[in-house]
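This is what each chain is made of:
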Amino acid sequence: MPIPERFIDELVARSELSGVVGEYVHLTPKGGSLWGCCPFHNEKTPSFHVVPEKQIYHCFGCGKGGGVISFVMEMEHVSFTDAVRLLAKRAGMEVPDAAGDEAGRKKFRRVLEANREAARFYHDYLKRPGGQAVRDYIAHRRIGTKFATRFGLGAAPDEWDVLTRALTEKGFSKMELIDAGLAVAGKNGGIYDKFRSRLMLPVIDVRGDVVGFTSRLLPGLEGAKYLNSPDTVAFKKSRLIYALNFAKNTKRPNLVLVEGNIDVITLHQAGFDNVVATMGTALTEEHARILSRYTKELVLCYDNDAAGKKSTDRVLGILKNTNLAVRVLQLPNAYDADGKPLKQDPDDFVKKFGPAAFEKCLNGSAGQNDYRLDTLLQGADLSGDEGRMAFLRSAVETVGALASPIEREIYGNKAAAAAGISGAAFAQEVERWRKGQVRQARRKEQRRDLTPATFLQPRSRELRYENLRSARAEEGILRLVLLDPALFAAARIEPEGFSSPVLGKAFGLLRQRHEKGLSVQLAALAGDLTGEEMSHLTQVVTQPESLANGRKAMNDYIQTIETEAIERRAPQSGEALLALRAKQREKTMEDGQ
């Protein structure tokens, strides 16, 4: 059965929104609300606000909004039920058991159990004769036995179904092995192993559970070089960070982010137990939020080729609005016998130059602003005026984007010195650029104000209003009943009478809760609305509404809705006008009683 609505009400009441949001976002009081940089998109100026009085949040930048349950669903990428469970744990409450929840928990447990048994199988197989090729590859990568064991390295056999047969004998069903991402369904109804002829690296989360695998194809064989477990109930690439289970206990003052899993193992073996990597995917905002829970400083150490530098620039863009201090470790260039540059990753560097050299690079890693200027300088030709001007144009944009005036002065002076001009002249160009950005923002706002109908429409195309005038009145009804649930008695309209399906749906759900004596809060509808619907409704209820003449306002809104409905049904007929006049006379008589 579903989670009881009264439990949801109590949970929402105990989970004060600003307290929950404050665990993820730094909030500052301003004008009766709490403001901060939105955790759902990158921004420099805070546009995310929490309204404690209404227990809702809304971002004016990306449009996301909702209540405390919606916030946890978005932040943790979990279902409504899982968000309730997380909040209940935080509030010291026990979620009433539901059959569906128990089935989900059992599935999750079986996935973890299957992964644990698979990790043992792969690790044991590494020691058998069939694991010789993988042992040779591990030796070639100069990974010692101690760290091969520490990271649980294993070997996937060069056979179709050795693992699936072994786990089936331990009581796992075919569907459980498919759910865990360990097996793939065949055409004849059978299953076969997902991983074959590979070095296997179990992925262990911060709780110590094996949630999935990453793997490397042995050299000389055909197929995908790197292969991860598919997304399962336990394995989510956008949220997993390889080796964080070890790195979270480091005594070093920072974490180092590299690109490859072998890079991680090599550096841990060299004494750098603070190194982590993403799961073969680019760093996401979710990764950044997770990392910020374990460190205050993150050092980026990607390959020193063009692709690595491009990745570094992209990651810096994601990290610029986090509370992480970010540094960049650029590995020195290496050259072959003919003087051609060689790609160099952390694994190559440590093996060639040793841990002390890497430590020296780590200590000398540059702050992200220095890195950006250094990158511009490396690509600039300052020998002529044209090259200097090109560098200065790029440097003005880089420095102008910095929020702090102190940072703009420091890095502006560095850029000016590099180009051989005065710091004052550079500062003037920076201010001119910043004023231009302000003018562009104002013009964009003015264009938006000139097209109010577009601005008033929901962001999501699926929720667009067919009749804007009616929908605006329907929004007003929702605001009134949320401000004063007693006005449901004056709302002589059915959800089907709303021109906007999402507004009618919300009205119907809120009225049902009111009739049952439950709390009438938008936050309580998180389990019944999609994220897009909740975000739009949050924007609706944050708009001003007065209760000074609540009943009259309700009647006016309903009259507008009915008028628009009549005109839609028969826009040109005389019958429509007669019906409209009759409705207006009825309203006048009712208001006079």
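Residues numbered from 1 in each chain as written. Predicted model: local features only at pLDDT ≥ 70, side-chain atom pairs only at ≥ 80, totals over all residues. Heavy atoms only, no water.

1. Describing the sheet that holds strand 10 (residues 210-217)
Stated precisely, the cut-off is as follows: By the convention used here, strands pair only if DSSP detects at least 2 bridges between them. Only DSSP runs of H or I reaching four residues or more are called helices, and only runs of E reaching two or more are called strands; each is numbered from the N terminus. Note on geometry: axes are lines fitted to C-alpha atoms, helical ones only across the stretch in contact, with angles between N-to-C directions running from 0 to 180 degrees. Contact definition: two residues touch when any of their heavy atoms are within 4.5 Å.
On the basis of which strands lie adjacent, the open sheet formed by four strands has the order 6-9-10-11 and antiparallel pairing. Two strands close off the open sheet at either side, each with one partner strand: strand 6 (154-156) and strand 11 (226-228). Between one strand and the next, the sheet's axes are offset by a mean angle of 35°, whatever the strand orientation. Sheet analysis places strand 10 next to strand 11, joined by three bridges and oriented antiparallel. For T214, the partnering residue across the bridge sits in strand 11 and is N228. Helix 6 (residues 132-140) contacts strand 6, strand 9 (198-204) and strand 10 of the sheet and is inclined by roughly 70° relative to strand 9.

2. Re the pattern of salt bridges
Quick reminder of the rule: What makes a salt bridge here is a side-chain nitrogen of Lys or Arg within 4 Å of a carboxyl oxygen of Asp or Glu, nothing more.
For the structure shown, the criterion picks out 28 salt bridges. Here K351 ties to D347 by a salt bridge, and the two come within 2.9 Å at their closest N and O atoms. With a gap of four residues between them, K351 and D347 both fall in helix 14 (residues 346-353), about one helical turn apart. If you follow the salt bridges from partner to partner, you end up with R472, E475, R479 and E545 in one network.

3. Regarding the packing of helix 16 (residues 368-378) against helix 17 (residues 385-400)
Rules: The labels follow the angle: roughly parallel below 35 degrees, roughly antiparallel above 145, roughly perpendicular from 65 to 115, and oblique for the rest. Here a crossing is called left-handed whenever its near helix is offset anticlockwise from the far helix by less than a right angle, and right-handed whenever the offset is clockwise. In the scheme used here, Gly and all other residues not listed as nonpolar or charged are polar, with Ala, Val, Leu, Ile, Met, Phe, Trp, Tyr, Cys and Pro taken as nonpolar and Asp, Glu, Lys and Arg as charged.
Two elements in contact, helix 16 and helix 17, have axes whose closest approach is 10 Å; the angle formed by their N-to-C orientations is 165°. Classified by the angle between their axes, helix 16 and helix 17 sit roughly antiparallel to one another. When the axes of helix 16 and helix 17 are compared, the crossing they make is right-handed. Across from R372, L373, L376 and L377 in helix 16, the residues of helix 17 making contact are F391, S394, A395 and T398. Split into classes, the residues belonging to the contact of helix 16 with helix 17 amount to five nonpolar, two polar and one charged.

4. What about a positive patch on the surface?
The cut-off we apply is this: Here a patch means residues that are over 30% exposed by relative accessible area and free of salt bridges, tied together within 9 Å if like-charged and within 5 Å if nonpolar (Val, Leu, Ile, Met, Phe, Trp, Tyr). Working definition of accessibility: Shrake-Rupley area with a 1.4 Å probe, residue cover restricted to the visible protein chains. The positive count covers Lys and Arg only, the negative count covers Asp and Glu only, and His and the chain ends enter neither. Charged groups are reduced to one reference atom each: NZ for lysine, CZ for arginine, CG for aspartic acid, CD for glutamic acid.
A surface patch of like charges, here positive, comprises K435, R439, R442 and R443. For R443, the position within the fold is in helix 19 (residues 423-450).

5. Some thoughts on the pairing of strand 10
The line we're drawing: Under the scheme applied here, a residue whose accessible area is under 20% of the maximum for its type counts as buried, over 50% as exposed, and between as partly exposed, the area being computed with a 1.4 Å probe on protein chains only.
Among the eight residues of strand 10, eight are classified as buried, and the element is accordingly described as predominantly covered. In this structure, strand 9 lies alongside strand 10, joined through seven bridges in antiparallel fashion. Within the sheet, the bridge partner assigned to R198 lies in strand 10 and is L217. Taking the residues that link successive antiparallel strands as the turn, the strand 9-strand 10 hairpin has five residues, and the phi of G208 there is positive, at about 95°.

6. Some words on unusual backbone geometry
Here R142, not a glycine, exhibits a phi torsion of approximately 60°, which is positive. Tracing the backbone shows R142 in the loop between helix 6 and helix 7 (145-150). The phi dihedral of A243 is positive, around 75°, even though this residue is not glycine. Along the polypeptide, A243 turns up in the loop between strand 12 (241-242) and helix 10 (244-247).

7. Side note on helix 4 (residues 80-91)
Selection criterion: Here the expected span of a helix is defined as 1.5 Å times the quantity of residues minus one. The directions from the helix axis to the C-beta atoms are what the arc is built from.
For helix 4, with twelve residues, the first-to-last C-alpha span of 16 Å sits near the 16 Å given by 1.5 Å per residue. Buried residues of helix 4: A83, V84, L87 and A88, and no others. For helix 4, the angular spread of the buried residues around the axis is 135°, confining them to a single face. Here the buried face of helix 4 lies against helix 1 (5-14), helix 2 (17-21) and helix 3 (68-76). In the segment just after helix 4, G92 is the residue with positive phi, at about 75°.

8. Considerations on empty space enclosed by the protein
This is how it is decided: Of the grid points, spaced at 1 Å and generated over the protein atoms alone, those admitting a 1.4 Å probe that cannot get out make up cavities, while open sets with protein on both sides within 12 Å along at least five of seven lines make up pockets; any residue with an atom within 4 Å of a point is treated as lining. Grid points are joined across faces, edges and corners, and a volume is the space filled by probe spheres set on the points.
Counted under the stated rule, the structure contains one cavity of 30 Å³ or more. In this structure, the largest cavity spans a volume of roughly 50 Å³. Along its surface, the largest cavity is lined by F151, P202, V203, I204, Y242, A243, N245 and F246. Put simply, the parts of the chain that give the lining of the largest cavity at least two residues each are strand 9 and helix 10. Per-element accounting of the lining of the largest cavity gives the leading share, three residues, to strand 9.

9. Looking at the packing of aromatic side chains
Note the cut-off: For Phe, Tyr and Trp, rings pair up if their centres lie within 6.5 Å, where Trp contributes its six-membered ring, and each pair is then called stacked (planes under 30 degrees apart), edge-to-face (over 60) or tilted (otherwise). Lysine and arginine charges are scored as sitting over a ring when NZ or CZ, respectively, is within 6 Å of the ring centre and within 35 degrees of the ring normal.
Enumeration according to the criterion identifies 20 aromatic pairs in this entry. Look at F488 and F507: their rings are 5.8 Å apart centre to centre, the planes differ by 45°, and that puts the pair in the tilted class. Taken together, the residues span a long stretch of sequence, with F488 in the loop between helix 21 (468-483) and helix 22 (501-515) and F507 in helix 22 at a distance of 19 residues. Grouping residues by exposure puts F488 and F507 together as buried. The structure contains a cluster of three or more aromatic residues connected by ring pairs, namely Y24, F40, F48, Y57 and F71. Sitting above the plane of the W35 ring, K30 keeps its charged end 5.9 Å from the centroid.

10. Observations regarding the sheet that holds strand 2 (residues 33-36)
In a beta sheet, neighbouring strands are held together by backbone hydrogen bonds and run either parallel or antiparallel to one another. Reading across the sheet, the five strands line up as 1-2-3-4-5 and stay open at both edges, with antiparallel pairing between neighbours. Looking at which strands have only one partner, the edges of the open sheet turn out to be strand 1 (28-30) and strand 5 (65-66). Here strand 2 pairs with strand 3 (residues 48-51) via three bridges, running antiparallel. Residue G36 lies in a different strand from strand 3, and its bridge partner there is F48.

11. Some details on helix 21
Taking 1.5 Å of rise per residue, the 16 residues of helix 21 would be expected to cover 22 Å, and the 23 Å separating its terminal C-alpha atoms lies within 8% of that figure. Taken together, the buried positions of helix 21 are S470, A471, A473, E474, E475, G476, I477, L478, R479, L480 and V481.

Remember, this is a structural readout, not a statement about activity or role.
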